[in-house]
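The primary structure of each chain is shown beneath.
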Amino acid sequence: MCRHLAYVGPPLPLARLLVEPPRGLYEQSWQPRRQRHGTVNADGFGVGWYPADSEAAVPGEPGAAAVPGPPAPHGPAPHDPAPHDPAPPVPAAGGPAAPAERPGDEGAAVPARYRRALPVWADPNFAELARVIRSGAVLAAVRSATEGTAPDESAAAPFRDGRWLFSHNGAVPDWTRLPTGLGSAELLSLEARSDSALLWAMLAGRLRRGEPPGGAIAAVVREVAAARPTARLNFLLTDGRTIAASAWGDTLWYRARPGAVVVASEPDDAVGAALGEWREVPDRSLLLATTEGVRVIALRPERKDTT
Ligand code: GLN
């Protein structure tokens, strides 16, 4: 992706965040101001958002419908146990009675996505949906495809794993031969044939093993930069409550006020400073944001420790 944005704060219509601001993400698809590589972002776009009531939503409830629960192994279950049902579900032979949750999924909603392989301005449905969909946690991107990657919507960010949404702005030279440490099953189940999907598989593996987002991003950036020193690795990651990002080869900005934060490739010209002033993140940095505040940490290739 060539320009991306994440927001965590009070629920807003997606259009307020993405479409309405002058020089916002929508306009950046044809007229970015600060992009270092590429001129237009017309090869697709995507938005992922968490249900506005995401505090209450858990896998298996409405609003988390994207999580397919396993079918009952032996005929219909007598009742669908609610995740907080006080009566313990009777375990069915050969499988769990309740939908299995990944570690870390508890209480977090699974985000929905809308992704297309066309320019965002060419999809009137997007503007229509963005007017009425409200969310308090959003990750969106407009794409300028790197040569040799899939042109279809599978390669349009955000990528997703459970409650996580991810976008990559940048490129990895000779990515098909990048040493990744991934097994063949992981390589075969890449979300798309692209450098970004490969980076996402590397990062998602670490998140699934319980690494904190900042540490996982730092580790993948250092590992890839060691193997491909000219790689551009601006990552953007959210679980719907926190945002983690790297600036490594392209621009990154943020604006914050108590209770809300936006992290974006470049600032918009939204009038009024309701979300605070835009600040630029220096190259080779890791950004960690919550609605309480933002931390920016230098990311040096040679450092062994992680945040
Ligand atoms: N390499 C990624 C892709 O092809 C991202 C491209 C970009 O940042 N311009 O989708």
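Residues numbered from 1 in each chain as written. Predicted model: local features only at pLDDT ≥ 70, side-chain atom pairs only at ≥ 80, totals over all residues.

Judged by how many residues are buried, strand 8 (residues 243-247) sits mostly within the fold: 5 of 5 residues are covered. The two faces of strand 8 match: Ile243, Ala245 and Ala247 on one face and Ala244 and Ser246 on the other face are all buried. In this structure, strand 7 (residues 232-238) lies alongside strand 8, joined through 3 bridges in antiparallel fashion. Each bridged residue has a counterpart across the sheet, and for Leu236 the counterpart in strand 8 is Ala245. If you look at the hairpin formed by strand 7 and strand 8, you'll find 4 residues sitting between the two strands, and Gly240 has a positive phi there, around 95°. Direction of pairing for strand 8 relative to strand 12 (residues 285-290): antiparallel, over a ladder of 5 bridges. Directly across from Ala247, in strand 12, lies its bridge partner Ser285. (Buried ≥ 20, exposed ≤ 12 C-beta atoms within 10 Å, placed from the backbone. Helix = DSSP H or I, 4+ residues; strand = E, 2+ residues; numbered from the N terminus. Pairing = 2+ DSSP bridges.)

Neighbouring residues of the ligand: 16 residues in total, closest Cys2, Ser144, Thr146, Thr149 and Asn169. Within the residue set of the shell around the ligand, elements represented by two or more residues are strand 6 (164-171) and helix 5 (195-208). A total of 4 residues in the shell around the ligand trace back to one element, the largest contributor, which is strand 6. Taken together, the residues of the shell around the ligand sort by class into 5 nonpolar, 9 polar and 2 charged. (Near = placed C-beta within 6 Å. Nonpolar A, V, L, I, M, F, W, Y, C, P; charged D, E, K, R; others polar.)

Residue Pro158 is reached from Ala157 by a cis peptide bond, and omega for that bond is 5°. Relative to the assigned elements, Pro158 resides in the loop between strand 4 (134-142) and strand 5 (159-161). The backbone of Asp174 shows a phi angle near 50°, a positive value even though the residue is not glycine. Positionally, Asp174 belongs in the loop between strand 6 and helix 4 (184-188). Of note in this structure, Arg284 is not a glycine but carries a positive phi near 60°. Here Arg284 shows up in the loop between strand 11 (279-280) and strand 12. By C-beta crowding, Arg284 is classed as partly exposed, having 16 other C-beta atoms within 10 Å.

A separate point is the confidence of the model for the protein chain. In this model, the protein chain carries an average pLDDT of 83, and 79% of its residues clear a pLDDT of 70 or more. Taken as a whole, residues 55-107 scores under 50 in pLDDT and shows 54 contacts with residues more than four places along the chain or in a different chain. Overall fold confidence (pTM) sits at 0.81, and the ipTM for the predicted complex is 0.97. (pLDDT = per-residue confidence, 0-100. Contact = placed C-beta atoms within 7 Å.)

Leu18, Val138, Phe166, Leu203, Ile217, Ala245 and Val263 are the most contacted members of the largest nonpolar core, which has 73 residues in total. Among the elements that line this core, the one with the most residues is helix 5, at 8 residues. Setting aside anything within four residues of it in sequence, one finds Val138 in contact with Ala6, Tyr7, Leu14, Leu17, Val47 and Trp49. (Core = buried A, V, L, I, M, F, W, Y, C linked by C-beta atoms within 7 Å.)

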